[in-house]
Amino acid sequence: MNRLLNWLDRRTGFRRIIEYALYENIPGGARWRYVWGSTLVFCLSVQFMTGLFLWMSYSPSSQTAWESVYYIQNEMTGGWLLRGIHHFTASVMNVLLVLHLMQVVIDGAYKAPREINFWFGLGLLLLVLGLSLTGYLLPWDQKGYWATKVATNIMGIVPLVGPALQRLVIGGPDYGHYTLTRFFALHAGVLPACVIALLVWHIFLFRRHGITAKDPNRKPDEYFWPDQVLNDAVACLAVLATVLFLVLRPWMFHTGEDLGAELAAPADPSETYSAARPEWYFLFLFEFLKFFPGGTEIWGAIIIPTFVMLIIFLMPIIGRWRLGHRFNVGLSLSLLAGVIFLTFLAMTKDKRDPAYKIAVEEARREADRVKALARSPLGIPREGAVTLLRNDPLTQGPKLFAKNCAGCHRYDGRDGMGNSLKESPSASDLKGFASRAWLAGLLDPQRIDSPHYFGATKFKDGKMAKFVKKDVAGFSDEQKTQLNKIIAALSAEAELKSQRDADRRDAALIAEGKTLIAGDSMRCSECHQFHKPDEDASAPDLTGFGSRDWLMNFIANPAHARFYGKRNDRMPAFGADKVLDDHAIGLVADWLRGDWYDPSPELPLAKQGPF
Amino acid sequence: METRDVPPQPARRNFLKKASAVFIGALTALVPTLSGLIVFLDPLRRKSQDSDAVLIASLSALPEDGVPRKFSVIAGHNDAWNHMPRVPVGAVYLRRIGDKSVQAFNVICPHAGCFVDYLPAIKNYHCPCHNSSFALDGSIADPKSPSPRGLDELPVEIRNENEIWVKFQNFRAGVRERIPV
């Protein structure tokens, strides 16, 4: 063994290298306060290691970035842990960087001959911030997308070069494939290479000038090995424990969040994302920007931060004067206090803002939903996961309803999105439309002229309402039984997913009901058409009532002769007037009919919806 | 830097310190590395997709004289996060042997995985990469062929008189046995 090591040593000189690394003199002996630099090197190593492995499963393009991160996070064994460690180490590293910088300034470790090394350190700080910023976009989720848009738009307001710089960074006029390839090249190539180069110099200069001992006569001198190495190792272990704690927090406290790093819904430039916030360590800049009214953002976003960086940069020079060092310490402490205050302010404002809470809740709902859809047997289409949400009735239906229908209609008394409205409804409540329960309410003399049905429409005193209030009210028991058959038959026309079993079970009853609707005894066919053309029909066609086709056609044009014709009460022709396209009308129809992908079909309808 | 004397320390205490420094250091390095390795090794845990028989062509599309013809295999395919219900997943050579019977070969050369051509002039399958050559029945035609086995035959089923259904499969290259991948 020894001979082999000697052989190796003669050819590589490794013993001297190890000796050089381990036997650095520490005036005053090993101390805990010297561990910060080592923890930062540790964090960087963790990022390089985990980043390299993430790289092997990541695919930078706007149709595969979210998808590959989803796959890492949810499908690959241990992917959530790997991604979680990478994500939270970045957070922890930003804290440690600030601590390291503060210590250097307070201890005056930037003074001659260490000025240049101080500047290297500042360079490393900026590079790490750059890594954080570029990394935030790579999952291509709503959160990273909208936050990074803000950052690159700020870049665009830099005088002269801004617009060109912005275009170069995002690889074109808009966000797309090239934004990801460029951000990824920056994040995994350019910036890490710069970090390594600067870090080697930083450590080399540190060794050249030696440690800035706090009080060198406190204790006898010691070598770096083993006492300080042990301190450093324990500190790194504490950092690692913190990171693992943050990764496992949702599991330890049952918060219901994903383990590891969050993954929001896929980026979609056409979907609002009011929950957009930068990563927490950039929140202070986000809050700071709010103080600058339109046209003056450049002060908050560029001029003042650049000026502050410049002063920090000049600290070694300023520190030469007698009061200079005190100025430096005072300035950095007040900057830190300012940053903490602004971060705190941003967080409290969000906490007290109900609109933001709703936005966060909705963002989480969409994130959960898209993951459920991605796990469905159909999986993620090649066009990307963003289409899953765009084509999902459960996601789009409520939004479309709130925007287009909730002006008059209600869904369970609300606007579809779960918000209460101040105005009272002026058209029917469509929750459970065409279901047996809904129809039973419509045919109930007590309820037909309530605001839940026709109460706020011109049909309040129409033929149907009169028929229900007079004739149905006086129905004999036998007629009531027949009415129930009619309700079952009419509801079966809709072929609702939630009634599939009931419809199958009651096939005989439904057949009877159908005959009753078409016949004269129950008087439906006096006004309605049912499965055979009737030119005298003056009320909506009941053929396929509530089916996807019926509902889509109705929404497209309720004033069509097949439906209300000239009797139509205020409802716009959403299709004929091109307010909504077929795709959107189909989504509303599917949603109203409760027809969407459901990962757990055994749940009753009430528990399927998000509200 | 001036260097000052470092006082000698008791060896036993030093050993404990050194051992714990090395142990803790190794532990902190191990956790991120292992978390990456587990993900890296994930493909080993994935099972290959088991495909059902797929409809390739109709019997009438094959020449009566037993000359092979190449067909694409269109089937469902999972590629990591994408599930594609109908995409080309490979190709087969089909040839008639008798009236109602068909033989199917995977077009992939069992030697190193190149796409094998059929050369009508010599009535042989020929691999353009390393010159393996296979007879019409898939067996090795030229003993100098580097391929360890003949072309991989696939199970064929004739349904509804005229439909050729093939259970498509790929096999490990470079070995004598036919081992599905």
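Rules used in this analysis
- Residues numbered from 1 in each chain as written.
- Chains lettered and ligands numbered in written order.
- Predicted model: local features only at pLDDT ≥ 70, side-chain atom pairs only at ≥ 80, totals over all residues.
- pLDDT = per-residue confidence, 0-100.
- Contact = placed C-beta atoms within 7 Å.
- Bend = angle between axes of the 7 residues up to and from the residue.
- Helix = DSSP H or I, 4+ residues; strand = E, 2+ residues; numbered from the N terminus.
- Axes fitted to C-alpha atoms, helices over the stretch in contact; angles between N-to-C directions.
- Parallel < 35°, antiparallel > 145°, perpendicular 65-115°, else oblique.
- Left-handed = near helix turned anticlockwise from the far one by under 90°.
- Core = buried A, V, L, I, M, F, W, Y, C linked by C-beta atoms within 7 Å.
- Buried ≥ 20, exposed ≤ 12 C-beta atoms within 10 Å, placed from the backbone.
- Nonpolar A, V, L, I, M, F, W, Y, C, P; charged D, E, K, R; others polar.
- Pairing = 2+ DSSP bridges.
- Expected span 1.5 Å × (residues − 1).
- Arc of directions from axis to C-beta.

1. Structural notes on the confidence of the model for chain A
In this model, chain A carries an average pLDDT of 92, and 98% of its residues clear a pLDDT of 70 or more. Contacts for the low-pLDDT stretch residues 602-611 of chain A, under 50 throughout, to residues beyond four places or in other chains number 6 contacts.

2. Observations regarding helix H10 (residues 224-253) of chain A
If you look at H10 of chain A, its biggest bend is around 50°, right at Val247 of chain A, and the proline Pro250 of chain A turns up within four residues after that. Positive backbone phi, at 50°, marks His254 of chain A, one or two positions downstream of H10 of chain A.

3. Describing the packing of helix H3 (residues 36-55) of chain A against helix H5 (residues 79-106) of chain A
All names here are of chain A. Running from amino to carboxyl end, H3 crosses H5 at an angle of 155°, the nearest separation of the two axes being 9 Å. Comparing the axis directions of H3 and H5 gives the class roughly antiparallel. Once H3 is placed against H5, the crossing between them reads as left-handed.

4. Points about the nonpolar core
Residue and element names in this part refer to chain A. Tyr70, Val370 and Ala385 are the most contacted members of the largest nonpolar core, which has 76 residues in total. Residue contributions to this core peak at 10 residues, all from H10. Those residues in contact with Val370, other than ones at most four positions away along the chain, are Ala265, Pro266, Ala385, Leu388 and Leu389. Within the second largest apolar cluster, 46 residues are counted, among which are Leu439, Ile487, Trp550 and Phe574.

5. What to know about the interface of chain A and chain B
At the junction of the two partners, chain A supplies 39 residues and chain B supplies 29 residues. Per-element accounting of the side of chain A that touches chain B gives the leading share, 9 residues, to H10 of chain A. Its residues placed into classes, the side of chain A that touches chain B shows 25 nonpolar, 9 polar and 5 charged.

6. Focus on the sheet that holds strand S10 (residues 163-167) of chain B
Residue and element names in this part refer to chain B. Taken in spatial order, the 3 strands make up an open sheet running S1-S10-S9, and their pairing is antiparallel. Edge strands, defined here as strands with exactly one partner in the open sheet, are strand S1 (53-58) and strand S9 (156-159). Taken over all neighbouring pairs, the strand axes of this sheet differ in orientation by 35° on average, direction set aside. Bridge analysis of S9 against S10 gives 4 bridges, and the strand direction is antiparallel.

7. Regarding helix H21 (residues 507-518) of chain A
Since one α-helical turn is 3.6 residues long, residues separated by three or four positions face the same way. All names here are of chain A. Look at H21: 17 Å from first C-alpha to last across 12 residues, which is about the 16 Å you get at 1.5 Å a residue. Every buried residue belonging to H21 is among Ile510, Gly513, Lys514 and Ile517, and all of these are buried. On an axial view of H21, the arc spanned by its buried residues comes to 105°, and they lie on one face.

8. What to know about unusual backbone geometry
Residue and element names in this part refer to chain A. Here the amide bond leading from Ala112 into Pro113 is cis, since omega sits at 5°, within 30 degrees of zero. The residue Pro113 is located in the loop between H5 and helix H6 (115-137) in this model. Of note, the amide linkage connecting Trp225 to Pro226 takes the cis form, showing an omega dihedral of 0°. Looking at the element boundaries, Pro226 is found in helix H10. The phi dihedral of Ala434 falls on the positive side, at around 75°, and the residue is not glycine. Residue placement: Ala434 occurs in the loop between helix H16 (393-404) and helix H17 (436-442). We classify Ala434 as buried; it has 24 C-beta atoms within 10 Å. In the Ramachandran plot, Arg523 falls in the positive-phi region, its phi being about 70° despite a non-glycine side chain.

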